[in-house]
Structures are given as C-alpha cells and as structure tokens.
Amino acid sequence: MRGAKEITGTIRLKENLGLSKSKSFEVAIIGGGISGLCSALFLKQLGCNVTIFEKDKLVKSEGAGIQLTSNGLLVLEKLNLDRLAVEAGLKPNNLCLFDETDFKSVGSLEILDRLKARYGRSFITLHRSLLIKILFEKVKEEKIKVNFNSRALPLVLEDERNIYISCKGKKIEKDLIVVADGVGSTWKKNIFREIKADTISQSAYRFVLSKKNLPPIFSKNNINLFFGKGRHFVTYPTGKNGMINFVFCKREKGQMINNWKEKVTKQKFLNDFELNESLKICLPDVQKIYRWPIIESEKPTTLHKKNVVMVGDAAKSMLPYMAQGANKALEDSCELANCIKDFPLNVDEALKSYSKRRIKRIHQFDQVSRLNEKVYHLEQRVLRKIFFVFLRCLTRLSPNLFFKRLDWIYNYKA
Ligand SMILES: Cc1cc2nc3c(=O)[nH]c(=O)nc-3n(C[C@H](O)[C@H](O)[C@H](O)COP(=O)(O)OP(=O)(O)OC[C@H]3O[C@@H](n4cnc5c(N)ncnc54)[C@H](O)[C@@H]3O)c2cc1C
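Residues numbered from 1 in each chain as written. Predicted model: local features only at pLDDT ≥ 70, side-chain atom pairs only at ≥ 80, totals over all residues. Heavy atoms only, no water.

## A closer look at the overall build of the protein
Regarding its fold elements, the protein presents 16 helices and 19 strands. In terms of overall dimensions, the protein is globule-like: its C-alpha atoms have a radius of gyration of 22 Å, near the 22 Å expected for 414 residues. With respect to the three principal axes, the spread of C-alpha positions in the protein is 65 × 50 × 35 Å. Taken over 414 residues, the protein has a buried fraction of 55%. Pairs at least 24 residues apart make up 75% of the contacts formed inside the protein by residues separated by at least 6 positions. Carbon and sulfur atoms form 53% of the exposed surface of the protein, whose accessible area is close to 19300 Å². When the 73 positive and 44 negative side-chain charges of the protein are each reduced to one mean point, those points stand 3 Å apart. (Helix = DSSP H or I, 4+ residues; strand = E, 2+ residues; numbered from the N terminus. Rg over C-alpha atoms; globule rule 2.2 N^0.38 Å. Buried < 20%, exposed > 50% of the residue type's maximum accessible area, 1.4 Å probe, protein only. Contact = heavy atoms within 4.5 Å. Areas by Shrake-Rupley, 256 points an atom, 1.4 Å probe, with all protein chains shown as cover. Lys, Arg positive; Asp, Glu negative; His and termini not counted. Charge placed at Lys NZ, Arg CZ, Asp CG, Glu CD.)

This is the structure we're talking about:
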C-alpha cells in the first residue's frame, strides 16, 4: 500500500511541476558524497531525472568513523535504508568522559537504552565507507545515472536566467543544480563569493586500530571523550569490524591545508601530542595517521542562487564538536526534497524556503559547536577542574539534563 501511495505522490508531483509527459525535471548533483547520493535518491523519488557528477573514478571509501543520531537515521528511514545502516553500525553502550591528563573518569552515561527511549531511534557509529556503500547501492538500484571522472564546474553567463555546468569541455543545462561538492566547494567560491571558507587553525588527527590489542579503556563498546588542555580526543567503534576510531583535535599555529589524505608520521603525531602512557602503548599498532584540517566556512546568508542550491559541507562545513557532519548532510538532502514537494510549481520559492529553513538550523549548530570547542579545549587548569566537577555532578545526579540540551538536534524531524 505504501509503495502505491508513493508512486501516486510522484506522478502528482510531476504533474504539479508542470512537466509534460515528454519533458522531465532535469537535476544535476555535483559530488557523490553523503549529501550528493542522498539528495539524488530523494529527488528521484519525486520523479526528477537525476544525474550525479563525481570528479573521481569511484565513490570514495576513504575516511574513518562517523556517528549517526536519530535525526540522521530518520532521514535514512524515509529511504528505507535505516535498517541497513543500523545493521552495518554498532550501538555504543556508554558515553565515558575523562580528564586527558591522568585518564581519570569524570563521568559516564548509559546511552544505549537512554537515547533509544528518548528519541525513538538508536545511536550508531560506523565507518563512513559503509554509509556511502549503502547509499550508492540504492542509487544503482534506482538506476540513477552517475558520471565518474567528471569534474563539474559552474558556468555563469551574464543575463542568463540559469547557471550552467561545464564538464569535459561541454556546456550542460539543467533545471536544478544541487551542489554537494564538500568542504572546499569550488561552486561556492565561484557563485557565492560573499561566503568565504575560513580555515580555522585546528586540525584533526585520525587513525583506526583493531580492538584486539587495545587496553580495556579503548576496546569496550563505548564512546570515550578525553578533555585536555587546548585539545581533546575521542574514540569509538567504527562498526562490527572490530576497529576503533581515534580522533585527536587540537589548535594549530599555522594555516592548515584542505586535504583528507595528508599522512603524518608517528613522530610528528608524537611531537604534537605528548601522549599519556595508556595511549602510547597503542602506537606500535598504528599503521597510518591522517591529519585533516578543521574547516569552517563563514555563516551563509543564503544557500541558493538562480537554479543552484547547496547541501552538506558545501552549504556549511561543520566544526566536529557535535559529530553532526553526516547527520546535517542527510537532513539537508531530505529538506531540499521536502521544500520542492511543498512548492511543486515554483522552484524559486522551494529553494528560498529550503535556504531559510536550513540557515536557521546551521546558525544553531554553529553556536553550539563553537561553545563546545571552547569547553572541550579549556586552557586553564582551574577552569578544567571546575568543568570536571560540574560533569561529575551532572552525570550522576541528572543524566537526563545532559541530553535535554541536545533535544533540538536529535529530535529534529526533517
Ligand atoms: C574522502 C572523505 C573522507 C571523509 N571521512 C570522514 C570521516 O571519517 N568522518 C567524518 O566525520 N567525516 C568524514 N568526511 C566528511 C563527511 O563526509 C562530511 O562532513 C559530510 O558527510 C558531508 O558530506 P558531503 O557529501 O557534503 O561532502 P563530501 O563527503 O566531502 O563529498 C563531496 C564529494 O564531491 C566530490 N567533488 C568535489 N568537487 C567536485 C566537482 N567539482 N565535481 C564533481 N565532484 C566533486 C568529491 O570527490 C566528493 O566525493 C569525509 C569526506 C571525504 C571526502
């Protein structure tokens, strides 16, 4: 029954979009990451004729762990992909908080049942490549066209109503261009010149390790968050593959380069992080350490221009202090389709509505991430100690209050 209803809805939308039987609504998606693949699926559901342009020869399996919360899982539920994601991922038992200097606990919260009860959906951690695989399999099943090795750039002709795509020397015209080209978005630089990418002086070092040889503090099925001086690090499982994701964030003095593949030596990592002994004993097993820049773009005032709209990290790259990058990308994709459904006869209005809705949320994310960054990286010892006393009391006496401040994130229904 549900399928029949969806199909009727799709046909109605096609009619509403004013499309004749012979003319379909042509959409290009720039980028085959989480937001690009997800947007393609939602827009295909609406009856649009979707083509993805991906600059690389395949969808990328690089990366490490991501966290999916109820707001992101709800979006996957709408694509009937939530079950696959939950099966691929792992549900952590507890959120454990530590003082990084001595590895002493400053609080612990049971999250497995608590989050499910509070938000109706599980909280899962998994490798980014697993989510990409799930989305890409569905893209293939839906027979959405994907052009690999296709770096697509904007072609702006003055006085034209629409912006075009330039790809492999060809000019391509589309009714809607969804820009999902990630953190260093070339489209944003070219079309939305007023929004500057602002590489803040912080970096994230990442590696994964098999839980087999790790000390118990890391190998358990928990999220461990360690607060240090001007830095923090977090560890969690990347799914059922027995691997643990380690992410170290710290302030940097110099400018960072935008590169997901910058490998650093163990020595460099050691020089940058004076490691606690419990952490040092893990190092012999580390094969590759990557350093990623923490990039934050200026707060946008609009996410659309003419027939172009931005989603995911292109719309706004997120500071990693709420672990919401993938969830926001999923929300964006779903909300874009919702707005097109709300204004089926008027794409301009649909994009305006999307922009307004998402900017409000982006600003909220921004405020809280900045606050979290300050708190996670407290430089003064006394302030850190006060913060730890506060965490001890909060986690013991009122664990629900801890999550109350996050309700607006996890309860969001795209
Ligand atoms: C290789 C990689 C690994 C990552 N690993 C992690 C991780 O482990 N943990 C984490 O929290 N976040 C990770 N991220 C970031 C995370 O995916 C994003 O924060 C979030 O999911 C939003 O994704 P997105 O689809 O907007 O952008 P992205 O995931 O960055 O995807 C953008 C896509 O656009 C393509 N592209 C760029 N320019 C063009 C162009 N001109 N034409 C065509 N295609 C183009 C890129 O090749 C890429 O596939 C990673 C991103 C990448 C690219």
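Continuing now.
## As for the sheet that holds strand 11 (residues 176-179)
Within a sheet, adjacent strands bond to each other through the backbone by hydrogen bonds, running parallel or antiparallel. The six strands lie next to each other as 7-2-1-11-19-18, forming an open sheet whose pairing is mixed. Both edges of this open sheet fall to strand 7 (145-147) and strand 18 (304-305), since each of them pairs with a single strand only. Where strand 1 (residues 26-30) lies against strand 11, four bridges are found, and the strand directions are parallel. Across the sheet, residue Ile30 finds its bridge partner in strand 11, namely Val179. (Pairing = 2+ DSSP bridges.)

## Considering the nonpolar core
In terms of nonpolar packing, the biggest core is built from 70 residues, with Leu43, Leu68 and Ile165 touching the most fellow members. Considering every element that reaches this core, the biggest residue donor is helix 12 (residues 325-342), with eight residues. If near-sequence neighbours (up to four positions away) are discounted, Leu68 is found in contact with Leu73, Leu76, Ala85, Ser122, Phe123, Ile124, Leu126, Leu131, Ala326, Asn327 and Leu330. Grouped together as the second largest cluster of nonpolar side chains are 34 residues, Leu225, Phe227, Ile294 and Ile409 included. (Core = buried A, V, L, I, M, F, W, Y, C linked by side-chain atoms within 4.5 Å.)

## Things to note about the packing of aromatic side chains
Taken as a whole and assessed by the stated rule, the structure comprises 23 aromatic pairs. Ring centres of Tyr205 and Phe269 lie 5.6 Å apart, and the angle between their planes is 45°; on these two criteria the pair is classed as tilted. Here Phe269 lies in helix 9 (residues 266-272) and Tyr205 lies in strand 12 (residues 197-210), a separation of 64 residues in the sequence. Each member of the pair, Tyr205 as well as Phe269, is classed as buried. Considering the side-chain rings of Phe402 and Phe403, the 5.2 Å spacing of their centres and the 70° angle between planes classify their relative orientation as edge-to-face. A residue is classified by how much of its surface remains accessible, and Phe402, at 15% relative accessible area, is buried. With relative accessibility at 3%, the residue Phe403 sits in the buried group. Each residue in the set Phe98, Phe103, Tyr205, Phe207, Phe218, Phe226, Phe233, Phe246, Phe248 and Phe269 is aromatic and connected to the rest through ring pairs, giving one cluster. (Phe/Tyr/Trp six-rings, centres within 6.5 Å; stacked < 30°, edge-to-face > 60°.)

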